[in-house]
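Structure assessment
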Amino acid sequence: MPPPPDPPLVVDIHTHMYPPSYIKLLSSRTTVPYIYQPTETPDSDPRLIILASDDDPSRPKSSRGRPVDSTYSSFDQKRAFMRRHGISCSVISLANPWLDFLDPDTALKTAQDINDDLDGACAENNNTDSPSHDALKLYAFGCLPLSAPAKDIVSEIHRLKSLRHVTGVIMGTTGLGKGLDDPALDDVYAALSSTATLVFLHPHYGLPDSAFGGPEVVAKSGHVLPLALGFPLETTIAVSRMYLSGVFDRHPQLQFLLAHSGGTLPFLAGRIESCVAHEREFVANGGHRQGPQRSIWDVLHTNIYLDAVIYGQPGLKAAIEAAGSVDRVMFGTDHPFFPPLGNDKEAKWLSVESNKGAIDGCLPEDEAAKRKILGGNAIRVLGLDL
């Protein structure tokens, strides 16, 4: 009998870290976003307050936001998580809110320091001569100083290409503050295109409370409505605005990786296509405004990758179908968010196992396709040395 095949290389492209330089930055602030160390209970975990709604003055600071334990910043714990779940490589990135809040005068230097911090940590981990070296590999998505002048953003995009372990960038949906369809981003998009830099697009602000019935309704669900619905719709709206404004027509080489399997875009792409085809305002139908010149399916198949952080087979099937093939879908975990609840610190993470289970369930007989989603696609697209 032939020997059993080697286990697949698993690459986690959606996994977050707050490196020491970022923790220090947030801890130095007193306005959103900031980290608060409870003085009344100094042994408690710090609290991360990242949204205005988290900074509710009617609640004590020690209960605002969410606790941030060492899981968010410890590379040792990241590796332990990887070993527990059979992950060969993690492409780490800052979690929201990135650097969108910085003063323009300090944004570039701060971004450089944090990107160097991430690259250095990955280099140390991957150094085969290091006493702490093991077989696990780390790479990173860099962050951009989006509050800085465009020339500073462009210069950092080019500088990142010199960092060996930075394989792309992470970006939120606000861009320079006016959304990703802002014409002022054209120089940034041109630089991303010319350097073949992949953009990992991740939501942060969700939708206003009014979309769910008001703050009282949202409060009753905790974070369920904002995270389960608000985040995916934020991504869908941002990418749809880019498409309608012609971003992908002007920059056909742009490459985006969308968090959470593209939100609801895989389900709604056909509806968007139909509405564009029937819009009387667009030149194609005798109107006065230029509509998108490419099919949204063409954009999905050539400019967009989707992660597989969707937690179920129906959503993953839609993601694979919308992406055009399994070649444009990549495994992720969203670690360290959604940890196991309870006292079993060695438990497998439901958020990880459900994503792996969806891949197995969608492709039960296609081992080659599963290997692509689990790691092969990320290795190919990001040029990872595994």
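Residues numbered from 1 in each chain as written. Predicted model: local features only at pLDDT ≥ 70, side-chain atom pairs only at ≥ 80, totals over all residues. Heavy atoms only, no water.

Re the side chain of Thr197
One can find Thr197 in the loop between α5 (186–194) and β8 (199–201). By relative accessible area, which is 6% here, Thr197 ends up buried. Here Thr195 takes part through its side chain, which lies 2.7 Å from a polar atom of the side chain of Thr197. Once residues lying within four places of it in the same chain are set aside, the contact partners of Thr197 are Ile157, Lys161, Gly168, Val169, Leu192 and Gln255. (Helix = DSSP H or I, 4+ residues; strand = E, 2+ residues; numbered from the N terminus. Buried < 20%, exposed > 50% of the residue type's maximum accessible area, 1.4 Å probe, protein only. Polar contact = N/O pair within 3.5 Å; in protein donor to acceptor, adjacent residues only side chain to side chain. Contact = heavy atoms within 4.5 Å.)

Details of the state of the cysteines
Tallying each qualifying case throughout the model produces 0 disulfides. Not engaged in a disulfide, the cysteine Cys89 finds its nearest cysteine sulfur in Cys122; these two sulfurs lie 8.5 Å apart. Cys89 gets classed as buried once you look at its relative accessible area, which sits at 0%. Cys143 takes part in no disulfide bond, and the closest cysteine sulfur to it belongs to Cys122, at a distance of 12 Å. On the basis of relative accessible area, Cys143 is assigned to the buried category, the value being 1%. (Disulfide = S-S within 2.5 Å.)

What to know about the packing of helix α7 (residues 224–244) against helix α9 (residues 265–277)
Closest axis-to-axis distance for the α7/α9 pair is 12 Å, and the angle between their directions is 35°. As α7 packs across α9, the resulting crossing turns out to be right-handed. Together, Thr236, Val239, Ser240, Tyr243 and Leu244 of α7 and Leu265, Leu268, Ile272, Glu273 and Val276 of α9 make up the contact between the two elements. A breakdown of the residues in the contact of α7 with α9 according to their chemical character gives 7 nonpolar, 2 polar and 1 charged. (Axes fitted to C-alpha atoms, helices over the stretch in contact; angles between N-to-C directions. Left-handed = near helix turned anticlockwise from the far one by under 90°. Nonpolar A, V, L, I, M, F, W, Y, C, P; charged D, E, K, R; others polar.)

Side note on the nonpolar core
Core analysis: the largest hydrophobic core is formed by 105 residues, its most contacted members being Tyr22, Tyr189, Leu192 and Phe256. For this core, the leading source of residues is helix α3 (residues 104–126), giving 6 residues. The contact partners of Tyr189, leaving out residues within four places of it in the chain, are Leu180, Met242, Val247, His251, Leu254 and Phe256. (Core = buried A, V, L, I, M, F, W, Y, C linked by side-chain atoms within 4.5 Å.)

A word on the packing of aromatic side chains
Evaluation of the coordinates by the stated rule reveals 8 aromatic pairs. Ring geometry for Tyr189 and Phe256: centres 6.4 Å apart, planes at 65°, overall edge-to-face. Of this pair, Tyr189 sits in helix α5 while Phe256 sits in strand β9 (residues 256–258), and the two are 67 residues apart along the sequence. For the pair Tyr189 and Phe256, a shared accessibility class is recorded, and that class is buried. By the ring-pair criterion, three or more aromatic residues cluster together here, those being Tyr18, Tyr22, Tyr72 and Phe337. The ring of Tyr305 has Arg328 sitting right over it, with the charged end atom 3.9 Å from the ring centre. (Phe/Tyr/Trp six-rings, centres within 6.5 Å; stacked < 30°, edge-to-face > 60°. Lys NZ or Arg CZ within 6 Å of the ring centre and 35° of its normal.)

A look at the sheet that holds strand β11 (residues 329–330)
What the 8 strands build is an open sheet, ordered β1-β5-β6-β7-β8-β9-β10-β11; its pairing is parallel. Each having just a single partner strand, β1 (11–17) and β11 make up the two edges of the open sheet. Two strands pair when backbone bridges link them, and strand β7 (residues 166–171) and β8 are joined in this way by 3 bridges, in the parallel orientation. Opposite Met171, over in β8, you have Leu201 as the bridge partner. (Pairing = 2+ DSSP bridges.)

Some remarks on helix α12 (residues 350–362)
Over its 13 residues, α12 extends 18 Å from the first C-alpha to the last, a length consistent with the 18 Å expected when each residue adds 1.5 Å. The complete set of buried residues in α12 reads Ser351, Val352, Asn355, Lys356, Ala358, Ile359 and Cys362. Burial along α12 is one-sided: seen end-on, the buried residues are contained in an arc of 150°. Where α12 is buried, its residues contact α2 (75–84), α11 (313–323) and α13 (367–382). (Expected span 1.5 Å × (residues − 1). Arc of directions from axis to C-beta.)

Re the sheet that holds strand β2 (residues 34–36)
With respect to topology, 3 strands assemble into an open sheet ordered β2-β3-β4, the strand pairing being antiparallel. For this open sheet the edge positions go to β2 and β4 (66–67), each flanked by a neighbour on one side alone. The sheet contact formed by β2 and strand β3 (residues 47–49) spans 3 bridges and is antiparallel. Bridging across to β3, Tyr36 finds its partner in Arg47.

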